[in-house]
Amino acid sequence: MSGTKGTTDQRMQAIVSLCKRRGIIFQSSEIYGGLNGCWDYGPLGVELKRNVKENWWRDNVILRDDIVGVDCSILMNPRVWEASGHVSSFTDPMVDCMQCKGRFRADHIVNNQCPTCGSKDKFTEVRHFNLMFKTHVGALEDSSSIAYLRPETCQGIFANFDNVVNTSRVKVPFGIAQIGKAFRNEINPRNFTFRSREFEQMEMEFFTPPEEAPKWFEYWKKERYEWYLRYGIKRERLHLREHEKTELAHYAAGCADVEYDFPFGCSELEGIANRTDYDLKQHSAFSKKDLSYFDQPTNKRFIPYVIEPSAGADRATLAFLVDAYEEEAERTVLRFHPKIAPIKAAILPLVNKDGMPEMAEKIQSALKRHWNVFFDDKGAIGRRYRRQDEAGTPFCVTVDGESAKDNSVTVRHRDAMNQERVGIDHLVTFLTKAIQGA
Ligand code: GAP
């Protein structure tokens, strides 16, 4: 983390206010005063987050022969959460301040002092608070109808292990990926979207022969760390932290976090864990279904080990936002990687006459078949460029007085602010290269 506390707080505040002003992220149900720990993505934000998820899916599923995808339900048979250990032990230690009634995680209290009102030694005994949201399925609200909103997406993958093996051509080692909502009743949601109660995960369970697990663990740590760099995150702000033995879950043989230097501190973006054969064994025992795998080449039957890279879509989106944000003398700019940018190009007629708007509309129609693009004819051209800089649009395509004569436009680059002339017939090829090759 760089800078003083004041500056980093200000930086975070500036990003939060840009998100609201530009329709990136809003407080959920804001007109009713919001709901703590829940956020809505606006028109720009939804494109940004979709790009994060779609690039993750493309790199982890579409471009690989050894990973397939699933999309499981959020509500599942509650036995899933007994098998996974969430019913008995997915808890946070919690205390209440007897003075201000605030509720806090016991392990976040420093010097026995209330972080809200400052009173000392005024806490209740530690209680264990289960983070799963409970609901009821069907008309009866009794113990037989209890269901949980999933607190992680991976259990749907484990529960479908056999289905996937039996219906697709996968052979161990292989992975199953899923992107979807997860819910945790966090005691203290905080730091904007970083710790929310409703969020999205991008998880992949990679099943390997037990003896190959250490090799694949090393592979996925490197692969996942580099994924963020590939989409423009600055290397000096991204860290791979190996867990100490004492930090490991009882079933894990290894774990590492990809961490990012947020303005509020260095925090976890993604965890990569060697979960051994724990999950499949647990689900075998609880469901009484044999979830072992028969490996034809070696003629051996075994329960595969699992390497799990587990990322948060909202945390990744926040990291891309924070990393891209820069205040310059003349402008505020989001320097998104073009593949992550919500709008790829803005099409701007220099003035609203001489056929320029019509020409710009035609270009917009052609480009929107490929990307999310934006037409803007309101205000001075300099102000329009600034608006696009603030939205993180990497290219502005300007139709000017020459365009009708030479069938070309000016393309302005967001970062260097240089401009070049490009033939309209070559625009799609030009932008494809600029976006894919960046
Ligand atoms: N299946 C393993 C698992 O769920 P986790 O470390 O609890 O592991 C994985 O969560 C990722 O999900 C985290 O690295 C983070 O990116 C995201 N995540 C977890 N809790 C979150 C929350 N309350 N708000 C936003 N993202 C969260």
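Residues numbered from 1 in each chain as written. Predicted model: local features only at pLDDT ≥ 70, side-chain atom pairs only at ≥ 80, totals over all residues. Heavy atoms only, no water.

Novice: I'd like a rundown of the overall build of the protein chain, residues and numbers included.
Specialist: Secondary structure summary: the protein chain contains 13 helices and 23 strands in total. Taking the principal axes of its C-alpha atoms as reference, the protein chain extends roughly 75 × 65 × 50 Å. Taking all 438 residues of the protein chain together, the buried fraction comes to 51%. Restricting to contacts in the protein chain with at least 6 residues of sequence separation, those with at least 24 account for 63%. For the protein chain, the exposed area adds up to about 21400 Å²; of that, 50% sits on carbon and sulfur atoms. Separation between the mean location of the 61 positive side-chain charges and that of the 62 negative ones in the protein chain comes to 2 Å. (Helix = DSSP H or I, 4+ residues; strand = E, 2+ residues; numbered from the N terminus. Buried < 20%, exposed > 50% of the residue type's maximum accessible area, 1.4 Å probe, protein only. Contact = heavy atoms within 4.5 Å. Areas by Shrake-Rupley, 256 points an atom, 1.4 Å probe, with all protein chains shown as cover. Lys, Arg positive; Asp, Glu negative; His and termini not counted. Charge placed at Lys NZ, Arg CZ, Asp CG, Glu CD.)

Novice: Requested: an account of helix α10 (residues 356-367), with residues and values cited.
Specialist: In an α-helix, one turn spans 3.6 residues, which is why side chains three or four residues apart end up on the same side. In a regular helix each residue adds 1.5 Å, so twelve residues correspond to 16 Å; α10 covers 16 Å between its end C-alpha atoms and thus fits that length. Inspection of α10 places M356, P357, M359, A360, I363, Q364 and L367 among the buried residues, and these make up the whole buried set. Taken down its axis, α10 places every buried residue within 160° of arc, on the same side. Residues of α10 that are exposed and point more than 90 degrees away from the buried face comprise E358 and K362. Lining the buried residues of α10 we find β19 (345-349), β20 (373-375), β21 (395-399), α12 (403-406), β22 (408-413) and α13 (427-436). (Expected span 1.5 Å × (residues − 1). Arc of directions from axis to C-beta.)

Novice: So what's going on with the sheet that holds strand β16 (residues 305-312)? Which residues, and what values?
Specialist: Spatially, the seven strands line up as an open sheet ordered β3-β9-β10-β16-β13-β12-β11, and their pairing is mixed. Each having just a single partner strand, β3 (67-69) and β11 (238-242) make up the two edges of the open sheet. For this sheet the average axis-to-axis angle between neighbouring strands, irrespective of direction, equals 25°. Pairing of strand β10 (residues 198-208) with β16 involves six bridges; the strand directions are antiparallel. Each bridged residue has a counterpart across the sheet, and for E203 the counterpart in β16 is S310. In the packing of helix α2 (residues 43-62) onto the sheet, contacts are made with β3, β9 (174-183) and β10, and the angle to β9 comes to roughly 160°. Against the sheet, helix α7 (residues 213-230) contacts β3, β10, β11, β12 (254-262), β13 (265-276) and β16, and its axis sits at roughly 155° relative to β13. (Pairing = 2+ DSSP bridges. Axes fitted to C-alpha atoms, helices over the stretch in contact; angles between N-to-C directions.)

Novice: Explain the pattern of salt bridges to me, and be specific about the residues and the numbers.
Specialist: Where side chains of opposite charge bring their charged atoms close, a pairing between them can arise. Tallying each qualifying case throughout the model produces 42 salt bridges. A salt bridge links E200 to K49; its shortest N-O distance comes to 2.7 Å. Taken together, the positions of E200 in strand β10 and K49 in helix α2 put the pair 151 residues apart, joining distant regions of the chain. One exposure class covers both E200 and K49, and it is buried. Measuring nitrogen to oxygen at the nearest pair gives 3.8 Å for the salt bridge that ties D389 to R386. Linking D389 with R386, this pair stays in helix α11 (residues 381-391), spanning three residues, or about one helical turn. Residue R386 is classed as partly exposed on the basis of its relative accessible area, which comes to 31%. Salt bridges sharing common partners tie together E326, E328, R331, R335, R386, D389, R412, R414 and D415. (Salt bridge = Lys/Arg side-chain N within 4 Å of Asp/Glu carboxyl O.)

Novice: A description of the environment of H250 should follow, citing residues and the corresponding values.
Specialist: Position of H250 among the secondary structure elements: in the loop between β11 and β12. What makes H250 exposed here is its relative accessible area of 70%.

Novice: Could you give an account of the side chain of S28, with specific residues and numbers?
Specialist: Locating S28 in the fold gives a position in the loop between β1 (25-27) and β2 (39-41). For S28, the contacting residues outside a window of four places in its chain are G34, L35, C38, W39 and D40.

Novice: Which residues make up the site of the ligand, and what values go with them?
Specialist: Around the ligand sit 20 residues, and of these R184, E186, S196, E203 and E268 come closest. Contact between the ligand and S196: a nitrogen atom at 2.8 Å from a main-chain N or O atom of the residue. Residue G312 places a main-chain N or O atom 3.0 Å away from an oxygen atom belonging to the ligand. For the ligand, the accessible surface in isolation is 550 Å², of which the surrounding protein chains cover 88%. Its atoms largely coinciding with the cavity grid, the ligand occupies the largest pocket. Here the element with the most residues in the shell around the ligand is β13; it accounts for five residues. (Near = heavy atom within 4 Å. Polar contact = N/O pair within 3.5 Å; in protein donor to acceptor, adjacent residues only side chain to side chain. 1 Å grid on protein atoms, 1.4 Å probe; cavity = no way out; pocket = protein on both sides within 12 Å on 5 of 7 lines; lining within 4 Å. Sits in = over half its atoms within 2 Å of the grid points.)

Novice: Describe the nonpolar core, and please don't skip the residues or the numbers.
Specialist: Proteins that are soluble and globular tend to have nonpolar side chains buried together. Judged by nonpolar contacts, the single largest core of 53 residues is most densely connected at Y228, L238 and F320. The next biggest cluster of nonpolar side chains, apart from the first, holds 20 residues, and it includes A345, W371, F395 and V409. (Core = buried A, V, L, I, M, F, W, Y, C linked by side-chain atoms within 4.5 Å.)

Novice: So, the sheet that holds strand β5 (residues 103-105): which residues are in play, and what are the values?
Specialist: Strands sit in the order β5-β4-β6 across an open sheet of three strands; the sheet is antiparallel. A strand with exactly one partner marks an edge of an open sheet, and here the two such strands are β5 and β6 (127-130). The average angle at which neighbouring strand axes cross in this sheet is 50°, direction not considered. Pairing of strand β4 (residues 91-96) with β6, which is carried by four bridges, proceeds in the antiparallel orientation. Residue pairing across strands places D92 opposite F129, the latter belonging to β6.

Novice: If you had to explain the packing of α2 against helix α9 (residues 313-324) to someone new, which residues and values would you point to?
Specialist: Contact geometry of α2 with α9 gives a least axis separation of 9 Å together with a crossing angle of 115°. Considering their axes alone, α2 and α9 lie roughly perpendicular with respect to each other. You can see that α2 and α9 cross each other, and the crossing is right-handed. Touching L48, K49, V52 and K53 of α2 are A313, D314, A316, T317, F320 and L321, all from α9. A breakdown of the residues in the contact of α2 with α9 according to their chemical character gives six nonpolar, one polar and three charged. (Parallel < 35°, antiparallel > 145°, perpendicular 65-115°, else oblique. Left-handed = near helix turned anticlockwise from the far one by under 90°. Nonpolar A, V, L, I, M, F, W, Y, C, P; charged D, E, K, R; others polar.)

Shape descriptors only; they carry no functional weight alone.
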